[in-house]
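Below, each chain spelled out in residue letters.
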Amino acid sequence: MVKKDDIKKAAKVIKDGGIVLFPTETVYGIGANALNDEAVKKIFVAKGRAQDNPLILHIADMDMLDDIAGNISTLEYKLMDAFWPGPFTIILNKKSGIAKVATCDGDIVGVRMPSNKIAHDLIKESNLPIAAPSANISGKPSGTNIKDIIDELGNKVDYVIDGGETDIGLESTVVRVINDEVKILRPGKITKEDIENVISHVTVDKNVMGEISNDEKVLSPGMKYRHYAPKTPCKLIYSDDYNKMKNAIYELSSKEKKVLILAYREDIKDFSDYTTIDIGSKNNLDEVSHKLFSILRKIDDYDASLAIIEGLSLEGLGLAIMNRLIRACNHDYLVL
Ligand code: TXA
Ligand code: MG
């Protein structure tokens, strides 16, 4: 848990060009002074992150925004006003000449003002924007508690703040405003429906649920990388008709040597002949998102020949959960 002086010590590390593991309300971040290119490079090395995948800059107040982004539209301000501080990232025009490594030398920058108190205090105390991707080796599920990530990242960072389990469990919603339309590039806790309450024109980028071909140009590089995938082959199955979905799971299971079924609490009893993991209640998607990444990290412990994952409707938070599950399954999914 948080220790006395954690914020002061971690802020000093950030100011001195080091890297820090710290909690946010979404997932843990691995952060550095966004304006120090050498420090930010250390994050790319620690994660094994692709050089063309930019980092989100985390800020504590609107004064910090002025230093990094410009030409901000009324619509963009409206979104920040509605969803900051919170699990919401917006891609803006970057002030030139700064944060070259963090933004992969682009002219746009992803910015987020987290609501988690530790994250806020760390940025405030450092008095610097903190560039921070999710804390995980690239390709692995994001870390939502220190225990899950300490082995893969603990000895690669200069300071660790243990803030317990993160609240939301999925990374922030990422949007970009293009021609007065809000495009969701990564769904999260702030849902399409939440954004529609503020602005009427909201679309979900086709790559959020689709599969991306190798040569395709994407609006957010993170979309094209392998994500969240256990070594065990995983298959996602969904139908609005529960019996149809259940029967498809039975049929697939009967062909496998050792199947593992990730099912919602309400449905677990129907799969009692198999090894199961309870992924939370269908009626409480906050619970499902809170524990999803920890569960994905455990799949390989079961030595299953196949992990079958029950899907969800794409409404509300369902879209964000399905976006992560589809990637965990390497796009191997069946919608009936
Ligand atoms: O909740 C979160 O967003 C967490 C916490 C630590 O804040 N961070 C996080 O960062 O998930 P990361 O790097 O794992 O994911 C950031 C996503 C990537 O898909 C990246 O491609 C996209 O945001 N992104 C960041 N900057 C961008 C930019 N300038 N243009 C387009 N996409 C960008
Ligand atoms: Mg990530």
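A. Broad picture of the layout of surface pockets. By volume, the second largest pocket amounts to about 410 Å³. For the second largest pocket, the lining is made up of 20 residues, of which Asp148, Ser294, Leu296, Arg297 and Lys298 are closest to its centre. Examining the composition of the lining of the second largest pocket, we find that six residues originate from one element, helix H9 (residues 285–298), more than from any other. Taken together, the residues that form the lining of the second largest pocket break down as five nonpolar, six polar and nine charged.

B. Representation of the sheet that holds strand S15 (residues 306–310) in the model. An order of S14-S13-S15-S12-S16 is seen for the five strands of this open sheet, with the pairing classed as parallel. Unpaired on one side and paired on the other, strand S14 (275–278) and strand S16 (333–335) mark the two borders of the sheet. Within this sheet the neighbouring strands show an average axis-to-axis angle of 20°, counted without direction. Bridge count for strand S13 (residues 259–263) against S15 is four bridges, and the pairing is parallel. Looking across to S15, one finds that Val259 is bridged to Leu306. This element, helix H8 (residues 242–254), spans strand S12 (234–238), S13 and S15 of the sheet and lies at about 180° to S15.

C. Expanded view of helix H6 (residues 146–153). Along H6, the positions that sit buried rather than exposed are Ile146, Ile149, Glu152 and Leu153. On an axial view of H6, the arc spanned by its buried residues comes to 135°, and they lie on one face. The exposed set on the far side of H6, more than 90 degrees from its buried face, consists of Lys147 and Asp151. In the core, the buried residues of H6 are packed alongside strand S1 (20–22), strand S2 (29–33), helix H2 (37–47), strand S8 (159–160) and H9. The opening residue of H6 is Asn145, an N-cap whose side-chain oxygen sits 3.2 Å from the backbone nitrogen of Lys147.

D. Molecular detail of the environment of Tyr302. Assignment of secondary structure puts Tyr302 in the loop between H9 and S15. Placed 70 residues apart in sequence, Tyr302 and Thr232 show a C-alpha to C-alpha distance of 8.9 Å. Other than its neighbours up to four places away in sequence, Tyr302 contacts Lys258, Leu260, Thr275 and Ile277.

E. Quick peek at the side chain of Ser253. Relative to the assigned elements, Ser253 resides in helix H8. The class of Ser253 is buried, set by a relative accessible area of 3%. Apart from the residues lying within four places of it in its own chain, the contact partners of Ser253 are Val259, Ile261, Tyr274 and Ile308.

F. Representation of the packing of aromatic side chains in the model. Applying the stated criterion across every chain, the model contains three aromatic pairs. Between the aromatic rings of Tyr228 and Phe293, the centroid separation amounts to 5.0 Å while the plane-to-plane angle is 15°, which identifies the pairing as stacked. Of the two residues, Tyr228 is situated in the loop between strand S11 (202–204) and S12 and Phe293 in helix H9; the sequence distance between them amounts to 65 residues. Look at Phe293 and you get buried, because its relative accessible area is 0%. With 5.9 Å between their ring centres and 70° between their planes, Tyr250 and Phe271 make a pair best called edge-to-face. Here Phe271 lies in the loop between S13 and S14 and Tyr250 lies in helix H8, a separation of 21 residues in the sequence. With a relative accessible area of 0%, Phe271 lands in the buried category.

G. Focus on the nonpolar core. Judged by nonpolar contacts, the single largest core of 64 residues is most densely connected at Leu79 and Ile195. When residues no more than four places from it in sequence are discounted, the contact partners of Leu79 are Phe88, Ile90, Val175, Val177, Val182, Ile195 and Ile199. In this structure, Leu260, Phe293, Leu306 and Ala320 belong to the second largest nonpolar core, which totals 49 residues.

H. Structural detail: empty space enclosed by the protein. Counting across every chain of the model gives one cavity of 30 Å³ or more. One number sums up the size of the largest cavity: a volume of about 40 Å³. Residue lining of the largest cavity: Ile184, Pro187, Gly188, Ile190, Thr191, Lys192, Gly316, Leu319 and Ala320, and that is the complete set. Of the residues assigned to the lining of the largest cavity, the class counts are five nonpolar, three polar and one charged.

I. Inspection of the packing of helix H1 (residues 6–15) against helix H5 (residues 117–126) at higher detail. Closest axis-to-axis distance for the H1/H5 pair is 9 Å, and the angle between their directions is 55°. With respect to each other, H1 and H5 are oriented oblique. Regarding H1 and H5, the two cross each other, and that crossing is right-handed. Seen from H1, the contacting residues are Ile7, Lys8, Ala10, Ala11, Ile14 and Lys15; seen from H5, they are Ile118, Asp121, Leu122, Glu125 and Ser126. Taken together, the residues of the contact of H1 with H5 break down into six nonpolar, one polar and four charged.

Criteria and cut-off values
Residues numbered from 1 in each chain as written. Chains lettered and ligands numbered in written order. Predicted model: local features only at pLDDT ≥ 70, side-chain atom pairs only at ≥ 80, totals over all residues. Heavy atoms only, no water. 1 Å grid on protein atoms, 1.4 Å probe; cavity = no way out; pocket = protein on both sides within 12 Å on 5 of 7 lines; lining within 4 Å. Points joined across faces, edges and corners; volume = space filled by probe spheres on them. Helix = DSSP H or I, 4+ residues; strand = E, 2+ residues; numbered from the N terminus. Nonpolar A, V, L, I, M, F, W, Y, C, P; charged D, E, K, R; others polar. Pairing = 2+ DSSP bridges. Axes fitted to C-alpha atoms, helices over the stretch in contact; angles between N-to-C directions. Contact = heavy atoms within 4.5 Å. Buried < 20%, exposed > 50% of the residue type's maximum accessible area, 1.4 Å probe, protein only. Arc of directions from axis to C-beta. Polar contact = N/O pair within 3.5 Å; in protein donor to acceptor, adjacent residues only side chain to side chain. Phe/Tyr/Trp six-rings, centres within 6.5 Å; stacked < 30°, edge-to-face > 60°. Core = buried A, V, L, I, M, F, W, Y, C linked by side-chain atoms within 4.5 Å. Parallel < 35°, antiparallel > 145°, perpendicular 65-115°, else oblique. Left-handed = near helix turned anticlockwise from the far one by under 90°.

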